[in-house]
Amino acid sequence: MTTRYAALLRGINVGGHKKVPMAELRELLTELGHGDVATYLQSGNAVFSSASDDEQALATALERAIQQRFGFGVDCLVRGGPYLRAVVDDGPFPAAELEGKQLHVTYFSQPVGPERLASIDAAAFLPEEFRLGDRALYLYAPNGLGRSKLAEALGRPSLFKGIVATSRNWNTVVKLAELTRE
């Protein structure tokens, strides 16, 4: 029995740094023994099938393989299809009424409680909003992420110290859920 997974690589192919060609990422995942490997966009999204049910072990193996192949470290999160579909289904904002660039999900390596975000005065950023989910943060930024003051506040390293976090826009969130459907 195999499970469909998405690998979410953090901070690759941005501004010419940490270049990981998608063809080589697909090759690397295949060399790790995974099947049905595909990539989505150039920003560190891959899908694959594996008999393993250990997301953390899959992520660690991929991180090591990237370090060996490319000579630099990359944080990776691996999430199964059911989880990715739940993230879409549990979205607290009316995604059907919004553009993909207005809604984002930040995936976390572990659960994040509201105490981590207690220093954020949510009312000061309206109409921008965020909500916590299962190892995820949903961000509504009506003018896009690049202009979002709330995204800037949420991006402070001290807020999520010790946690791997990587964000995707809603279009990518939905596409990864589709690509990992069993």
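Placed above this text is the structure.
Let me sum up the structure you'll find in this document. (Residues numbered from 1 in each chain as written. Predicted model: local features only at pLDDT ≥ 70, side-chain atom pairs only at ≥ 80, totals over all residues. Heavy atoms only, no water.)

With respect to the packing of helix α1 (residues 22-31) against helix α2 (residues 55-70)
Two elements in contact, α1 and α2, have axes whose closest approach is 11 Å; the angle formed by their N-to-C orientations is 125°. As the angle between them shows, α1 and α2 are arranged oblique. Note on packing geometry: the crossing formed by α1 with α2 is right-handed. In contact with Glu 24, Leu 25, Glu 27, Leu 28, Leu 29 and Glu 31 of α1, α2 contributes Leu 62, Ala 65, Ile 66, Arg 69 and Phe 70. For the contact of α1 with α2, a count of residues per class yields 7 nonpolar, no polar and 4 charged. (Axes fitted to C-alpha atoms, helices over the stretch in contact; angles between N-to-C directions. Helix = DSSP H or I, 4+ residues; strand = E, 2+ residues; numbered from the N terminus. Parallel < 35°, antiparallel > 145°, perpendicular 65-115°, else oblique. Left-handed = near helix turned anticlockwise from the far one by under 90°. Contact = heavy atoms within 4.5 Å. Nonpolar A, V, L, I, M, F, W, Y, C, P; charged D, E, K, R; others polar.)

Focus: the sheet that holds strand β2 (residues 35-40)
As summarised here, the arrangement of the 4 strands in space is β2-β3-β1-β4, forming an open sheet in which the pairing is antiparallel. Across the chains shown, the open sheet's two edge strands, defined by having one partner strand only, are β2 and β4 (76-80). Along the sheet, successive strands turn relative to each other by an average axial angle of 20°, direction set aside. Pairing geometry for β2 and strand β3 (residues 45-50), over 4 bridges, is antiparallel. From the neighbouring strand, Thr 39 faces β3, where its bridge partner is Ala 46. In the packing of α1 onto the sheet, contacts are made with β1 (3-9), β2 and β3, and the angle to β2 comes to roughly 155°. In the packing of helix α5 (residues 170-179) onto the sheet, contacts are made with β1, β2 and β3, and the angle to β3 comes to roughly 20°. (Pairing = 2+ DSSP bridges.)

With respect to the sheet that holds strand β7 (residues 136-140)
Taken in spatial order, the 4 strands make up an open sheet running β6-β7-β5-β8, and their pairing is antiparallel. The sheet is open, and its two edges are formed by β6 (129-133) and β8 (165-169), each paired on a single side. Recorded for the sheet is a direction-independent mean angle of 20° between the axes of neighbouring strands. As paired strands, β6 and β7 are joined by 5 bridges and run antiparallel to one another. Note on β7: the bridge partner recorded for Gly 133 is Ala 136. Against the sheet, α5 makes contact with β5 (103-108), β7 and β8, and its axis sits at roughly 95° relative to β8, the strand it touches most.

Here we look at the packing of helix α3 (residues 81-89) against α5
Each packed pair of helices is defined by two parameters, the angle between the axes and the distance between the axes. Between α3 and α5, whose axes approach to 8 Å, the crossing angle comes to 140°. With respect to each other, α3 and α5 are oriented oblique. Note on packing geometry: the crossing formed by α3 with α5 is left-handed. In this structure, α3 contributes Leu 84, Arg 85, Val 87 and Val 88 to the contact, and α5 contributes Trp 170, Val 173, Val 174, Leu 176 and Ala 177.

Some words on α1
Taken together, the buried positions of α1 are Met 22, Leu 25, Leu 28 and Leu 29. Looking straight down α1, one finds its buried side chains confined to an arc of 115°; they lie on one side. Of the surrounding elements, those touching the buried residues of α1 are β1, β2, β3 and α2. Gly 33 occupies a position one or two residues after α1 and carries a positive phi of about 95°. (Buried < 20%, exposed > 50% of the residue type's maximum accessible area, 1.4 Å probe, protein only. Arc of directions from axis to C-beta.)

A word on the nonpolar core
Membership of the largest hydrophobic core comes to 22 residues, with the highest contact counts inside it found for Leu 9, Leu 25, Phe 48, Leu 62 and Ile 66. Only β1, α1, β3, α2 and β4 provide two or more residues apiece to this core. Sorting elements by how many residues they give to this core places α2 first, with 6 residues. Apart from the residues within four sequence positions on either side, Phe 48 is in contact with Thr 3, Arg 4, Tyr 5, Ala 7, Leu 29, His 34, Gly 35, Asp 36, Val 37, Leu 58 and Val 78. Counting residues in each nonpolar core, the second largest holds 19 residues, with Val 47, Val 87, Leu 98 and Tyr 107 among its members. (Core = buried A, V, L, I, M, F, W, Y, C linked by side-chain atoms within 4.5 Å.)

A few points about the layout of surface pockets
Take a probe with the size of a water molecule and roll it over the atoms, and the empty space left behind shows itself. Taken as a whole, the largest pocket spans an internal volume of roughly 400 Å³. Those elements that provide at least two residues to the lining of the largest pocket are β5, β7, α4 (149-154) and β8. Considered class by class, the residues forming the lining of the largest pocket number 10 nonpolar, 5 polar and 3 charged. (1 Å grid on protein atoms, 1.4 Å probe; cavity = no way out; pocket = protein on both sides within 12 Å on 5 of 7 lines; lining within 4 Å. Points joined across faces, edges and corners; volume = space filled by probe spheres on them.)

Keep in mind these values describe shape, not function.
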